[in-house]
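Residue-level listing of the chains:
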Amino acid sequence: MSLVYFKNVSKSYNGFLILDNITFTMEAGEFVSLVGRSGVGKTTLLKMLIREELPTKGKIYFNERDIAKLKGAELALLRRKIGVVFQDFKLLADRTAFENVAFAMEVAGYSEEDIKKDVPEVLKLVNLQDKADHFPHQLSAGERQRTVIARALIQRPELILADEPTGNLDPINTWEIIKLLVKINELGTAVLLATHDKEIVNTLGRRVISLENGKIIRDEQEGKYLI
Amino acid sequence: MIANLKRIIQTAWKGLTRNKWLSVACITMMVLSLIIFTSILLFNYAANTLIRTLQDKMDISIYFKAEIPEEDILKIRDELLGNELIAKIDYVSKDEALAAFKEKSKYNPTIQKALEVLGDNPLTASLNIKAKSTADYSKIVEDINNSAFKDKLETINLTENQKIVSQVDRLAKAVKIGSGVAILLLAFLSFIISFNTIRMAIYSLKEEIEIMKLVGGSNWLIRGPFLLEGLLQGLIASFITTLIISLVILSFGAKIENFLPGIGLVSYFWSHFWFLFMLQTVFGLVLGLVSSFWALNHYLKV
């Protein structure tokens, strides 16, 4: 049973084809890099996986369920099983790092006791335990991205989608974030990393799916960035 | 469940106090809407009371020739009571008519003197007829004109009444339709005003709503605080509106009574205070709830 299954998925905007007949599977606990130039459709593919966008053609399955058919509460549940790390962070400016992470638990209906127990643990995992009371503007870009990862992790997801998570970071912070994603993967969570950073992909030495002109041109275990 | 409820209440209160100026704008718009709503209720009462007063004053008076004996008049009265359009008939004898006339003109020495000079009672006996419905007066007059006792009558006081009857009827219908249309129209306008103000407030939080959705917040959990905030705004607006209208009634009650004598608008307001407050609060709550619900729907499509 695959965790993710894209079956002949195409996506077009105003008649302009972005993704063309995409088919691939991803297993539980796998680490996959999705590579390609900017604008090739990596973000669109990730957005379709959390149903922020719907495919124009084809079907997307998560744990064998067609996500286009999910109703309101089921969709909320899907999004709790898929944590998302956004390039632009999407943190709430008027809440501290602790509150931003707690926010994901609040909207899922967790109790205050659970929040007080789980949030410090996750902040410790991303090495932000000392910055829990800091607001986003008081954090560095790397720290903000680690807060986002903590928020994505807090609901113990089965899959983490990371959309260019290092796009706004310097080399040191970039590697800290990548190491953190590897660590999360080693703890059992599948990771789908969308990036156009050649060095990261080649150093990771994991499965690589390469996109060009809206199509998958290569899908290799222990692949390289060859575009 | 309790954790969710507590969180919804806390978030709603935070929302209300966080965007102070937007909350003030929303509540102000709702207060305006509620003032219009309550004013229409009061206007409707005043118009209906005025119409009822006019309708009560309406009747047909038929005056008999002086030589017609009382027993004949009473027979005619009994005959007329058989007409199903007629609610009530009062017989006024010559003596009663004179007594009433004297009483009415007791401060007018000229009339008093004229009556003394005449010596005899110049007034005639009459029947005052009240119809069951104001719309039937014309038909009753027609029936009387076609009756066998028509030649025993001196006059039928109908011309003036007929005009009033049709005017009051038209007024009653116009008020009924007009106030219904006004309530619907103003309720719609109030809704549009409040809806847009609340939508502005929610627009400023669209990023927060989007993030809530993307991290797995269910629609109802996201909606809850906004709906409660809308309800709270409606409730606060209702309290403020009641305060404003009460102050206006307290300050200008005497002037209102002078302007609309016999309507009893001020006493109606105080005797129906809780009823009006309840209606207005329900309107405010529905306004807040529906506006928030609709304004939010757009952002929950993520």
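These numbers were taken from a predicted model, which means no experiment stands behind them.

Caption draft 1: Layout of the overall build of chain A. When helices and strands are counted, chain A shows seven helices and ten strands. For chain A, the residues scored as buried account for 44% of the 227 residues in total. Considering only residue pairs separated by 6 or more positions, chain A has 67% of its internal contacts joining residues 24 or more positions apart.

Caption draft 2: Region of the structure containing the confidence of the model for chain A. Averaged over every residue, the pLDDT of chain A is 92; the share at 70 or more is 100%. Summarising per-element confidence for chain A, the mean pLDDT is lowest in helix α2 (residues 72–81) of chain A (89) and highest in strand β4 (residues 57–62) of chain A (96).

Caption draft 3: Fine view of the interface of chain A and chain B. Tallying the contact residues gives 19 residues for chain A and 15 residues for chain B. Top contributing element to the side of chain A that touches chain B by residue count: α2(A), with five residues. In terms of residue class, the side of chain A that touches chain B is built from eight nonpolar, four polar and seven charged.

Caption draft 4: A look at the environment of A:Ile154. All names here are of chain A. Tracing the backbone through its elements, the reader meets isoleucine 154 in the loop between α5 (141–153) and β7 (159–163). Given 27 C-beta atoms within a 10 Å radius, isoleucine 154 is considered buried. Taking the C-alpha atoms as reference points, isoleucine 154 and alanine 104, 50 residues apart in sequence, are found 7.4 Å from one another.

Caption draft 5: Fine view of the packing of helix α2 (residues 20–57) of chain B against helix α9 (residues 219–259) of chain B. All names here are of chain B. Two elements in contact, α2 and α9, have axes separated by 8 Å at closest approach and are oriented at 55°. When the interaxial angle is binned, α2 and α9 end up oblique. As for the relative orientation of α2 and α9, their crossing is right-handed in sense. Residues Ser23, Cys26, Ile27, Met30, Val31, Leu34, Ile35 and Thr38 of α2 form the contact with α9, whose participating residues are Gln233, Gly234, Ile236, Ala237, Ser238, Ile240, Thr241, Ile244 and Ile245. Of the residues contributing to the contact of α2 with α9, the split by class is eleven nonpolar, six polar and no charged.

Caption draft 6: Representation of the nonpolar core in the model. Residues A:Val101 and A:Leu161 are the most contacted members of the largest nonpolar core, which totals 91 residues. Of all the elements, helix α3 (residues 97–107) of chain A adds the most residues to this core, at eight residues. Among all residues touching A:Val101, those that are not within four sequence positions of it are A:Val119, A:Val122, A:Leu123, A:Thr147, A:Ala150, A:Arg151 and A:Ile154. Within the second largest apolar cluster, 13 residues are counted, among which are B:Ile60, B:Ala131, B:Tyr137 and B:Val141.

Caption draft 7: Representation of the environment of A:Asn213. As for its placement among the helices and strands, A:Asn213 is situated in the loop between β9 (207–212) and β10 (215–220). C-alpha separation for the pair A:Asn213 and A:Asp20, spaced 193 residues apart in sequence, amounts to 8.2 Å.

Caption draft 8: Broad picture of the pairing of β10(A). All names here are of chain A. Bridging between β9 and β10 involves five bridges; their strand directions are antiparallel. Each residue of the ladder has a partner; that of valine 208, found in β10, is glutamate 220. Where β9 folds back onto β10 in an antiparallel hairpin, the turn is made up of two residues, including asparagine 213, whose phi is positive at roughly 50°.

Caption draft 9: Looking closely at the sheet that holds strand β5 (residues 65–66) of chain A. Residues and elements named next belong to chain A. Pairing in this open sheet of four strands is antiparallel, and the strands run β2-β1-β4-β5 from one edge to the other. Bordering the open sheet on either side are β2 (16–26) and β5, each of which pairs with just one other strand. Sheet topology places strand β1 (residues 4–13) next to β2; seven bridges connect them, and they run antiparallel. Each residue of the ladder has a partner; that of valine 9, found in β2, is isoleucine 22.

Caption draft 10: A look at the sheet that holds strand β1 (residues 60–64) of chain B. Residues and elements named next belong to chain B. With respect to topology, four strands assemble into an open sheet ordered β2-β3-β1-β4, the strand pairing being antiparallel. Each of the sheet's edge strands pairs with one partner strand only, and the pair in question is β2 (86–92) and β4 (153–157). Adjacent strand axes in the sheet meet at a mean angle of 15° when their direction is disregarded. As judged from the four bridges shared by β1 and strand β3 (residues 126–131), these two strands associate in the antiparallel manner. Bridge pairing in β3 places isoleucine 62 opposite leucine 127. Where helix α6 (residues 137–145) meets the sheet, it contacts β1, β2, β3 and β4, and its direction lies at approximately 20° from that of β1.

Cut-offs used in this document
Residues numbered from 1 in each chain as written. Chains lettered and ligands numbered in written order. Predicted model: local features only at pLDDT ≥ 70, side-chain atom pairs only at ≥ 80, totals over all residues. Helix = DSSP H or I, 4+ residues; strand = E, 2+ residues; numbered from the N terminus. Buried ≥ 20, exposed ≤ 12 C-beta atoms within 10 Å, placed from the backbone. Contact = placed C-beta atoms within 7 Å. pLDDT = per-residue confidence, 0-100. Nonpolar A, V, L, I, M, F, W, Y, C, P; charged D, E, K, R; others polar. Axes fitted to C-alpha atoms, helices over the stretch in contact; angles between N-to-C directions. Parallel < 35°, antiparallel > 145°, perpendicular 65-115°, else oblique. Left-handed = near helix turned anticlockwise from the far one by under 90°. Core = buried A, V, L, I, M, F, W, Y, C linked by C-beta atoms within 7 Å. Pairing = 2+ DSSP bridges.

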